[in-house]
Amino acid sequence: MTLRYWEGERVALRAIKASDAALFRSFDDEVSRCLDGVHGPMSDAKFQSWFEQQQKARFDDSIRLIADDKEGVPVGTIDTFQCHRRHGTFKYGIAVAEERRGRGYASEMIVMTIRYYFLELGYQKATPHVFAFNEASIRLHEKLGFRFEGRLRSMMYTNGAYHDELHYGMTRDEFLLRHGAER
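The numbers attached to residues start from 1 for each chain and follow its sequence in the written order. Given that the model is predicted, a residue must reach a pLDDT of at least 70 before its local features are reported, and side-chain atom pairs must reach 80 or more before they are shown or counted; all residues, however, enter totals for whole chains, interfaces and linings. Hydrogen atoms and water are omitted, and side-chain values are computed over all heavy atoms in the structure.

What's the story with the overall build of the protein in this structure? I'm lost.
Helix and strand definitions follow DSSP, with helices as H or I runs of at least four residues and strands as E runs of at least two, each counted in order from the N terminus. The secondary structure content of the protein amounts to six helices and eight strands. Reading the helices (α) and strands (β) of the protein from amino to carboxyl end gives β-α-α-α-β-β-β-α-β-β-α-β-β-α. Only protein chains enter the calculation, and the probe is 1.4 Å; a residue is then buried if its accessible area is under 20% of its type maximum, exposed if over 50%, and partly exposed in between. A total of 183 residues make up the protein; the buried ones form 46% of that total. Summed over its atoms, the accessible surface of the protein is roughly 10,400 Å², and 49% of this surface lies on carbon and sulfur atoms. The Shrake-Rupley method, run with a 1.4 Å probe sphere, supplies the accessible areas, and residue values consider only the shown protein chains as cover.

Dropping the structure here:
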């Protein structure tokens, strides 16, 4: 059987394209807060400049992918960063449009991406972090089998308070035991 990394039961992952600007514009403050913090309003020119940068090739093994549902509608994005080939570790961030949450898209996007990094690129550990107020992401990562590895106190200021950053990890061996090599 040929493994298809980019096609799942609920979503297909693909490269970003110009029409995806609407998806990024639709993300609310909650999405921003969970990723890296709420930023001020962006002018159309500044947004366009940022979005054009997102469409360009990234450094090292870092990627940004868009998830389309079975009807071809963009539902979210996943990007990898801090990809350290020598150490075999990488991080990722994920966002799903508010009206599309709770349908299993995020789980599938994460598993598909990790499977590719482990089985094709040879990485050995995924190391996402979650802010302590993001209970949905904490539940998601624990449900997927990630292990809680540590807490950095007061790492993010948002909505009038400081919040801890929770670190999770999953090794290739743990992933294969839980999710297998095939979809």
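Please clarify how the pairing of strand β7 (residues 147-158) should be interpreted in this entry.
Each regular strand displays side chains that alternate between the two surfaces of the sheet. When DSSP finds two or more bridges between two strands, those strands count as paired. Here eight bridges tie β7 to strand β8 (residues 161-171), and the two strands are oriented antiparallel to one another. Paired with tyrosine 157 across the strands is tyrosine 162, a residue of β8. If you look at the hairpin formed by β7 and β8, you'll find two residues sitting between the two strands, and asparagine 159 has a positive phi there, around 55°.

Honestly, the packing of helix α4 (residues 105-119) against helix α5 (residues 135-144) in this entry has me stumped. Any pointers?
Simply put, an axis is a line fit to the C-alpha atoms, just over the touching stretch for a helix, and the angle between two N-to-C directions goes from 0 to 180 degrees. It is at 11 Å that the axes of α4 and α5 come closest, and there the two elements cross at 50°. Looking at the two axes, α4 sits oblique to α5. In the crossing of α4 with α5, the sense of the turn from one axis to the other is right-handed. Contact residues: α4 offers Ala106, Ser107, Ile110 and Val111, while α5 offers Leu140, His141, Lys143 and Leu144. Following the grouping adopted for this structure description, the nonpolar residues are Ala, Val, Leu, Ile, Met, Phe, Trp, Tyr, Cys and Pro, the charged ones are Asp, Glu, Lys and Arg, and the polar ones are all others, Gly among them. For the contact of α4 with α5, the residue count by class is five nonpolar, two polar and one charged. We call two directions roughly parallel when the angle between them is under 35 degrees, roughly antiparallel when it is over 145, roughly perpendicular when it lies between 65 and 115, and oblique otherwise. Two helices cross in a left-handed way if the nearer one is turned anticlockwise from the farther one by less than a right angle. They cross in a right-handed way if the turn is clockwise. Here, two residues are considered to be in contact whenever any of their heavy atoms come within 4.5 Å of each other.

Just to check I follow, could you spell out the pattern of salt bridges for this structure?
Any two side chains of opposite charge can pair, on the condition that their charged atoms come close. For this document, the term salt bridge refers to a Lys or Arg side-chain nitrogen within 4 Å of an Asp or Glu carboxyl oxygen. According to the stated counting rule, one finds eight salt bridges in the structure shown. Two residues, arginine 85 and aspartate 61, come together in a salt bridge whose shortest N-O distance is 2.7 Å. Highlighted residues: arginine 85 in the loop between β3 (74-84) and β4 (89-96) and aspartate 61 in the loop between α3 (44-55) and β2 (64-69), separated in sequence by 24 residues. A relative accessible area of 48% means that arginine 85 is categorised as partly exposed.

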